[in-house]
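Read off the chains here:
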Amino acid sequence: MSSIAELTEANLLRNQQEYSERKIQLESLPYLIQIGADNRCNLRCGFCLAEAYREAGWLHLQDRKLDRNPLEIFQRLVPFMPYWKFLSLTGPGESLLNPRLPEILALVRQNSGCAIAVTTNGVLINSRLARILIEHHVDEISISLDSIRKDTYEQLRVNAEFEKAIGAIEVLNQEKQKAETDFPRINLMPTFMRKNIEELPDFIDFAVKYRIHLIHASPVQIYRRDWVEESLLRFPDLTRRIAQQAEKRAIRLGVRFINNLRMVYVNRGKKLGRLLRKKEVLDFPTDPSTCLKPWNSIFIEPDGEVRPCCYPSPVYGNIYETGFLSLWNGEAAQSLRRSMIAKDLPKACAKCYEFNRHNPQVMIQLLT
């Protein structure tokens, strides 16, 4: 019998081949998996989409009471786990809230050799939870830490305590040292706006002090009218200057730094535009019809809703109602692949945040 590693690699190669051949019905299975392990969140951040829903009087998934624990989603996916290459426990809520998270991690580890990443606000991490993450070989913990100043952090991350967020990083490092392991690697995923952008270079020093593996800096998306003034689109020159300071410091100190803030200032600064003879070359994707996700990826909400990715992409169906293979090669999935090939995209994909970063409108999507 083939080992799990052999199944994973064979599926990866087959998937890549089917994408290159623009197959509509696939023999391969998705190898990039994203599943929200819980719909609830313990924080009430003002810039969150869920908060915009609440202000508009709409019901967000975070505020729904689910009849089933998302553990059941993973139980239904056991036959497909050997084909997984990467699993992200990232969804609309805080995955660490799920009391059955240890069972989820154990189930994945028993059936897959995939890399596991967890995105979290971090404040729930204590020694017990840190040991669980280590024992189940979680590869990466990405912590949403938007400020390294107590007052700013607690203003942005409502209901969070700065000391708990920093303590989470410290306890992870302590438990990793006890276990003599480098895993899970700790990433920081700060979201920047006018209120905190000038802290960015200090994050690089923070990364050195706290043994951070990676800093991934992104601009805030605006969903509420009262947050428009915080958008970095209003401050492209400032953002460029601060981001370039951080880039230089990261190189000097050997810190891995992903600068997703470039979408704010590349070809945005009015003064710079007059000086340049030609526009800067965009180094981020702009054509959503080249997206691989309908071929290699799946995203499952905690309520079982299945889509190709975590953006507002077309819904394939619900895994509680339909078998996974019927969703993966169902009419909705095949229709999406066909549309991609024809470059006749569904509205949701045509307005994809990932592929429209050259368009400032994707960063301001007002609900209220």
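Our structure is the block above this text.
Now for a quick tour of the structure. Computed from a prediction, not measured in an experiment: that's the story for all the values here.

## Description of the packing of helix 5 (residues 127–135) against helix 7 (residues 162–179)
For the pair helix 5 and helix 7, interaxial distance at closest approach is 9 Å and the crossing angle is 50 degrees. It follows from the interaxial angle that helix 5 and helix 7 lie oblique. Between helix 5 and helix 7 the crossing geometry is right-handed. Counting all contacts with helix 5, which are made through Ser127, Ala130, Arg131, Leu133 and Ile134, the residues of helix 7 involved are Val171, Leu172, Glu175, Lys176 and Ala179. Residues belonging to the contact of helix 5 with helix 7 are distributed by class as follows: 6 nonpolar, 1 polar and 3 charged.

## Topic: helix 4 (residues 101–111)
The complete set of buried residues in helix 4 reads Leu101, Ile104, Leu105, Leu107, Val108 and Asn111. Seen from one end, helix 4 has its buried residues packed into an arc of 160 degrees, which puts them on one side. Its buried side turned inward, helix 4 meets helix 1 (4–20), helix 3 (71–76), strand 2 (86–89), strand 3 (115–120) and helix 5.

## Some details on the nonpolar core
Residues Trp84, Leu87, Leu145 and Leu200 are the most contacted members of the largest nonpolar core, which totals 98 residues. With 7 residues, the single largest contributor to this core is helix 7. Beyond its immediate stretch of four places on either side in the chain, Leu145 contacts Tyr153, Ala165, Ile166, Ile169, Leu188, Met189, Pro190, Phe203 and Phe206.

Here is what the cut-offs are and how they apply
- Residues numbered from 1 in each chain as written.
- Predicted model: local features only at pLDDT ≥ 70, side-chain atom pairs only at ≥ 80, totals over all residues.
- Heavy atoms only, no water.
- Axes fitted to C-alpha atoms, helices over the stretch in contact; angles between N-to-C directions.
- Helix = DSSP H or I, 4+ residues; strand = E, 2+ residues; numbered from the N terminus.
- Parallel < 35°, antiparallel > 145°, perpendicular 65-115°, else oblique.
- Left-handed = near helix turned anticlockwise from the far one by under 90°.
- Contact = heavy atoms within 4.5 Å.
- Nonpolar A, V, L, I, M, F, W, Y, C, P; charged D, E, K, R; others polar.
- Buried < 20%, exposed > 50% of the residue type's maximum accessible area, 1.4 Å probe, protein only.
- Arc of directions from axis to C-beta.
- Core = buried A, V, L, I, M, F, W, Y, C linked by side-chain atoms within 4.5 Å.

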